[in-house]
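This is what each chain is made of:
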Amino acid sequence: MHIAVPRETAPGERRVALLPADVAKLAKLGHQIAVETQAGSQSSSIDSDYAKAGARIGADFADTVRDAQVICAVQPPALADLAAIPTGATVIAYLQPATSRPSIDALNARRASALALELVPRITRAQSMDVLSSQATISGYRSVLLGAEALDRLMPMLSTAAGTLAPAKCFVLGAGVAGLQAIATARRLGALVSGFDVRPAAREQILSLGATVLKVEGIDAEGSGGYAREQDAEQAARTQAAIRAHVATMDLVITTAAIPGKRAPVLLTAESIAGMKEGAVIVDLAAETGGNCEGTRAGETVRVGGVRILGPTNVPSQAAAHASQLLSKNVLTLLQHLTKESALHIDPADEITGAMLVCHQGELRV
Ligand code: NAI
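Participant: I'm lost on the site of the ligand in this one. Help?
Facilitator: Around the ligand, a shell composed of 22 residues is seen, among which Arg122, Gly176, Val177, Asp197 and Arg199 lie nearest. One nitrogen or oxygen atom from the main chain of Val177 is found 2.7 Å from an oxygen atom belonging to the ligand. For the ligand, an oxygen atom lies 3.4 Å from a polar atom in the backbone of Ala258. Here the ligand, which alone exposes 840 Å², has 85% of that area covered by the protein. The class makeup of the residues in the shell around the ligand is 12 nonpolar, 6 polar and 4 charged.

Participant: Any chance you could explain the layout of surface pockets here in plain terms?
Facilitator: Gaps left between atoms show up when a probe the size of a water molecule is rolled over them. The calculated volume of the second largest pocket comes to roughly 180 Å³. In terms of lining residues, the second largest pocket is bounded by 13 residues, among which Arg7, Thr9, Pro77, Ala78 and Asp81 are the most central. By residue class, the composition of the lining of the second largest pocket is 7 nonpolar, 2 polar and 4 charged.

Participant: Could you clarify how one ought to interpret the pattern of salt bridges in this entry?
Facilitator: Close approach of charged atoms allows side chains with opposite charge to pair. Scanning the entire structure with this criterion turns up 15 salt bridges. Measuring nitrogen to oxygen at the nearest pair gives 3.5 Å for the salt bridge that ties Asp251 to Arg153. Note that Asp251 is positioned in the loop between helix 8 (233–247) and strand 12 (252–255) and Arg153 in the loop between helix 5 (131–150) and strand 7 (158–160), a separation of 98 residues in sequence. Overall, the relative accessible area of 4% leaves Asp251 in the buried class. Using a relative accessible area of 37% as the deciding quantity, one classes Arg153 as partly exposed. A salt bridge links Asp251 to Lys277; its shortest N-O distance comes to 2.8 Å. With Asp251 in the loop between helix 8 and strand 12 and Lys277 in the loop between helix 9 (270–274) and strand 13 (281–284), this residue pair connects regions lying 26 residues apart in the sequence.

How each quantity is defined
- Residues numbered from 1 in each chain as written.
- Predicted model: local features only at pLDDT ≥ 70, side-chain atom pairs only at ≥ 80, totals over all residues.
- Heavy atoms only, no water.
- Near = heavy atom within 4 Å.
- Polar contact = N/O pair within 3.5 Å; in protein donor to acceptor, adjacent residues only side chain to side chain.
- Areas by Shrake-Rupley, 256 points an atom, 1.4 Å probe, with all protein chains shown as cover.
- Nonpolar A, V, L, I, M, F, W, Y, C, P; charged D, E, K, R; others polar.
- 1 Å grid on protein atoms, 1.4 Å probe; cavity = no way out; pocket = protein on both sides within 12 Å on 5 of 7 lines; lining within 4 Å.
- Points joined across faces, edges and corners; volume = space filled by probe spheres on them.
- Salt bridge = Lys/Arg side-chain N within 4 Å of Asp/Glu carboxyl O.
- Helix = DSSP H or I, 4+ residues; strand = E, 2+ residues; numbered from the N terminus.
- Buried < 20%, exposed > 50% of the residue type's maximum accessible area, 1.4 Å probe, protein only.

Rendered as structure tokens:
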């Protein structure tokens, strides 16, 4: 099987879809891999590492994908590059069907099969292919470092000859994969950490990490597949009131709340933010899907009175080597899932493949 790995060209994208260690595993299985020059240079993997792993180094996108049966990328291929993709090839990437319609239509016109990494079903069998979890782990960790860097105080309690510094108070809203990692990281840095989630199961996980839970009675909103569902108006109002009172004493608030397929819920209203302490920092990890705070702007830092709201985008790219390591393992496992006797076998009836397939043999599926 011919596999191609292009260099990412989207602004701010530093990751690569396959790292040399996984290229070597594929080469050992008899596959031919082409990697575009400089593809891994922002993830600490240079061309000679890929060459040693058995890859051919492509001079540009067209040269890299010229024989490809499978193209593994992070972001959707640029529209200008699509004409170079061989007819009927399979493309694996974050395809963002909701916002990248023209790319998907163009791939479909080339009778490509396209699998969107972010549509991986959250089932046990697919866990090792789950980019949502692997990349959220990185985002959760990085969010605390971003917040700590922006604070005008330290995170741990320190007793010195010049006096005692109180620990920073950190509150994590939304305790899924990213939120739990943020809680663990803030605890390691010595902050006093509290957390909140609408799913009852998440509350036990918050406690198991040594943080406290903000309690709000009667607000459980667990939906299907272990995900949250939208709260009703009365539950949301009760939650808002409890959050407003709690954040008034916080130094750092990290928000990670999401509802699959929907705009992120607004959990920090302008009124709650106005009640926060001078110098407090909010890191809104939901910035890319609309934000959990009133006033978040994706990719910017907004100042509201004495409070700063950070709206970072593509946070995993800030730790590109480790993010790529996990992503590459996800892609490798997916490739193995899609291979039967060394040949590519795209089966739309398969639970995992079918869920991720956005177009196949001229048929649009989203
Ligand atoms: P996510 O990114 O969709 O959401 C993050 C968190 O925000 C979730 O914990 C959610 O409950 C919470 N949230 C939503 N609305 C909220 C609100 N109004 N207030 C407070 N919190 C709110 O979720 P993520 O992190 O991708 O995964 C969530 C859960 O999905 C996991 O804990 C697990 O149960 C399940 N999961 C299953 C996997 C599998 O079986 N392969 C893999 C990963 C996750």
